[in-house]
Amino acid sequence: MDDNVKVVEAETSLEALREADEALRLPAVAEPITYPIETKVPDARQQTPAVGQRATRPDGRLHGLGQTKYIDDLSFPGMIHAKIKRAGIAHARIKSVDVSEAAKMPGVLATLVGAEIPVNSFGPSLQDQPVLASDIVYHAGDGVAAVAAVTEQLAADALEKITVEYEPMTPVFDPLEAMSDDAPKVHDPDSNIYATKVIKKGDVDKGFEDADHIFEATFRTQMVEHVPLEPHATIADWDGNGRLTLWSSLGRITMGRADVSRTLGLPYNRIRIIGTIVGGNFGGKNEITQEPILGLLSKKTGRPVKGVYSREDEFMSSTTRHPFIMEYKTGINSDGRIVARKVRLVCDGGAYCSWSETTLGKACILSAGPYNIDNLHVEAFAVYTNKTMTGAMRGFGAPQVCFAYESHMDDMAKELGIDPLEIRLLNAFEENAASPTGQVLESVVVKESLQIAAERFGWKD
Amino acid sequence: MDVTMNVNGRELTASVPPETTLLRLLREDWDLTGAKLGCDVGDCGACTVLLDGQAVNACLMLAGQADGRQITTIEGLADLDAFHPLQKTFEDLAALQCGFCGPGIILAAKYLLDTNPNPSTAEIRDGLSGNLCRCTGYTKIIEAVADTAKELAAKQDAA
Amino acid sequence: MKPFEFIKAVSTEEAVAALAEHGPGIRILAGGTDLLVELKHASQSPGVVLDVSAIDDLGAITLDDDGLHIGAGATHTAIMTNPLIAEHAPAMIDAAHTVGSVLTRNLGTLGGNLVTCVPSMDSGPVLVALEAEVTLAGSGGRRRMPLTEFFVGPRKTILGPGEMLVDILIPKANLGKPTGFVKFGLRKGQALALVNAASASWTEDGKFKSPRISLGAVAPVVIRCPAAEAALDGQPVSEEAINEAAKIAAGEAKPIDDFRASKSYRLDLIEVGVRRTLAAAAGLQGD
């Protein structure tokens, strides 16, 4: 060894490394854990540095340049296109599906029907949705067959050559009608009610007795479609190791992988879902739609297969916001204090459960509004109808009940001759109020917000 | 049939079936995927391009209709030196969220400012009436167009 | 879209010849804003699509001894920015501005709007109020008729096989006639009209002279309101006369209930529309 080279012994210790970590703010070496673990609970209403700042978005530059690649902007060598045939009938038994004419067409490389799906059911809470309807059609937007062809136009033309024989069944469209015992049944022969939630707090009947006035009203909200500007899009491709890759506009890719695993009978480790930049979701892309279909078409053809929903598919065959029918009965005193409230919510649950159970739960908890009500009874039902699926959409049940309880509040204020702002301030939550389900709330600023807003709007003028 | 167009300053040719829309021609034959397919019937404006300087729905034009014309897509706005002021302002103000409407809205805004350099808010809304955005509520988009108008006017005065 | 043959004409003569040569399914492409939507949903191919958008004189706007000629191929934007129209029939600018959106106005043509012939068309009422005439060209020559005769029913015009609309004429006598136009829609842009109203009238010695009232979206085609016109002609320009005419006009319409609006709401809108457009034509502040 060269005598001029000096070997320096580095002085390292865990302490020194941790100090270096501190400087870099990189936890390369973890702190030893001491039990019990103390969780840091931030003080309520603590201002964070982010509030009040104008932030730029890291993807903004590429968007403006038109360089952002959404799923439909991706293309792979040999890629072909898939289209799904929609039932177009609200409720029917499928007697036969004949894809032979479509399969013969030049340029059509594969067809798919429901019977070919290994496990033809999935869903976020109830697995009541088929990938492709094979026995019963539950709503007009149900897919009944699919084709893959070298161009989109050929795929669309091929759909016309698919013959499906239906035996029409009596559909039910109105959720209230669907709740009755003799209504046509959608899934379960006994009942169309597939989820029920009840909240009971205090004693509503006594509350109504004690109250000076009782107000009743029914509110309805409509079905709303998300209309993301980018339609649902997916590309499916298999590799030489038998693994399926899906590029998809799907939002929940882990759950999506579970559903693809279930429906295609594949282990998780053979499924890779790449969720790229999406052109709007709003809750409508929260579950799989055509992923298993494209996966199977890709397997059959040995080619990457792309499927993009048309705008018609978006309206007919993708999830929507639940229409709600909300019956409110409120016992209120002459001074405006709410004493008791009874709410009955009927949620139009569409053809499949999708996210209805979650929506129902949220709606229930929020149906009383941010108001102190000692006696509360909420009963909520999700009901199947033969209409487009209802699922997650920004708010998840909150917008519907908010419309109801706020309109109701205004109506009562008017009748009692009380200022709509005052009646709310009288009843509103304060710090550490409890939600109807007993959750103690912090950072409650309902009254302050109302007052600041009222001042800014010039409410008094 | 064969078509030739001047696209973003370059002459491009393609051989396509007559029923090909300008939108598909741009996206599939020439890999200009900035113009998007949102509805395919001219309602959403995600497919907006400039045809001889006028903002149009590319999904409502046949390739043959656009033959021999001059097309500007979003890809043609920035050059190697700089972004178009609209692209810069949209970025600075974080005017876009998912971005899908972005190319269409920016081109519609460019057409507006080309024909009306000092638009009122009502005129900006009118100029963007053919472009839908589902994410933003349009507020920052309108602000960005207004700011760009002021910026361009200031540059004009300085020049 | 189903495959078709594409022909591009560079002159009206060439277009007429192509119409004669090819089968009755042939479709004319001017702007394409209606046609392409239709073709995308059609189950059959049209066989041939004839592009007339490159015919320069088909879009020309000119003035001669007969009056103001607007070529069928003139886009709504071209109409909105044309100085002759601004001078002689400015209400057409108001009407053109309500068609679709700025994007579709850059492509869509006046001729296309008239030929598609939906009852809610936005360009019809002002032209009908100004007693416009249209010229059709076919292999047998040209023929001219009042616009009201051109409209036969919803999506049906008088165009025969091998014929195309080439010209819309506002007669010289009606150039400069004060005209008001209003469109009621559920939105300010990209809206289908619930009710369209146009009123054109001279005023002489403080009285309405030759008033013409036209309504759209309230009957199978764009209509005139002859009873209201007759009642108003010679009446002093006043709120009473205008209100009376509006009531009569509402009675001459046949609005329907649909998912956009109820019949009763439309009847209400007709009265408001006629009042406002008559007031505008008479130079009054409307309601």
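Note that this is a predicted model, so its numbers are computed, not measured. (Residues numbered from 1 in each chain as written. Chains lettered and ligands numbered in written order. Predicted model: local features only at pLDDT ≥ 70, side-chain atom pairs only at ≥ 80, totals over all residues. Heavy atoms only, no water.)

A.B. asks: Break down the sheet that holds strand β1 (residues 80–86) of chain A for me, with residues and values.
C.D. replies: All names here are of chain A. Sheet architecture is open: seven strands sit in the order β3-β5-β1-β13-β10-β11-β12, paired in mixed fashion. Each end of this open sheet is capped by a strand with a single partner; those strands are β3 (108–113) and β12 (271–275). Here the average twist between neighbouring strands, direction ignored, is 20°. Relative to strand β13 (residues 305–308), β1 runs parallel, the two being bridged by three bridges. Note that in β13 the partner of Ile80 across the bridge is Val305. (Pairing = 2+ DSSP bridges. Helix = DSSP H or I, 4+ residues; strand = E, 2+ residues; numbered from the N terminus. Axes fitted to C-alpha atoms, helices over the stretch in contact; angles between N-to-C directions.)

A.B. asks: Account for the interface of chain B and chain C, naming residues and giving values.
C.D. replies: Facing the 29 residues of chain B at the interface are 28 residues of chain C. Counting each side, the surface lost to burial between chain B and chain C is near 2,200 Å², with a carbon and sulfur contribution of 59%. By the criterion of area lost to chain C, the three top residues of chain B are Glu19, Leu60 and Gln65 of chain B, representing 28% of everything that side buries. In this structure, the connection of chain B to chain C is made through two salt bridges. Note that Asp126 of chain B is salt-bridged to Arg105 of chain C, the shortest N-O span being 3.8 Å. Our count for the contact surface shared by chain B and chain C stands at 10 residue pairs in polar contact (both at pLDDT 80 or more). Looking at the side of chain B that touches chain C, the elements that each hand over two or more residues are β3 (48–51), β4 (54–57) and α4 (121–127) of chain B. (Contact = heavy atoms within 4.5 Å. Buried area = accessible area lost by both parts, 1.4 Å probe. Salt bridge = Lys/Arg side-chain N within 4 Å of Asp/Glu carboxyl O. Polar contact = N/O pair within 3.5 Å; in protein donor to acceptor, adjacent residues only side chain to side chain.)

A.B. asks: Can you lay out the pairing of strand β2 (residues 92–98) of chain A for me, pointing to particular residues and giving the numbers?
C.D. replies: Residue and element names in this part refer to chain A. Where β2 and strand β4 (residues 136–137) come together, two bridges link them in antiparallel fashion. Paired with Ala92 across the two strands is Val137, which belongs to β4. Alignment of β2 against strand β6 (residues 163–168), held across six bridges, turns out to be antiparallel. Its bridge partner lying in β6, Ser96 is registered against Glu165.

A.B. asks: Can you break down the packing of aromatic side chains residue by residue, with the values?
C.D. replies: Residue and element names in this part refer to chain A. This structure, assessed with the given rule, holds nine aromatic pairs over all chains. With centroids separated by 5.9 Å and ring planes inclined at 80°, the aromatic side chains of Phe219 and Phe403 adopt a geometry described as edge-to-face. One end of the pair, Phe219, is in strand β8 (residues 213–220); the other, Phe403, is in helix α11 (residues 398–416), with 184 residues separating them in the sequence. Classification of Phe219 as buried rests on a relative accessible area of 8%. By the ring-pair criterion, three or more aromatic residues cluster together here, those being Phe219, Tyr328 and Phe403. In this structure, Lys329 is placed above the aromatic ring of Phe208, and the distance from its NZ or CZ to the ring centre is 4.6 Å. (Phe/Tyr/Trp six-rings, centres within 6.5 Å; stacked < 30°, edge-to-face > 60°. Buried < 20%, exposed > 50% of the residue type's maximum accessible area, 1.4 Å probe, protein only. Lys NZ or Arg CZ within 6 Å of the ring centre and 35° of its normal.)

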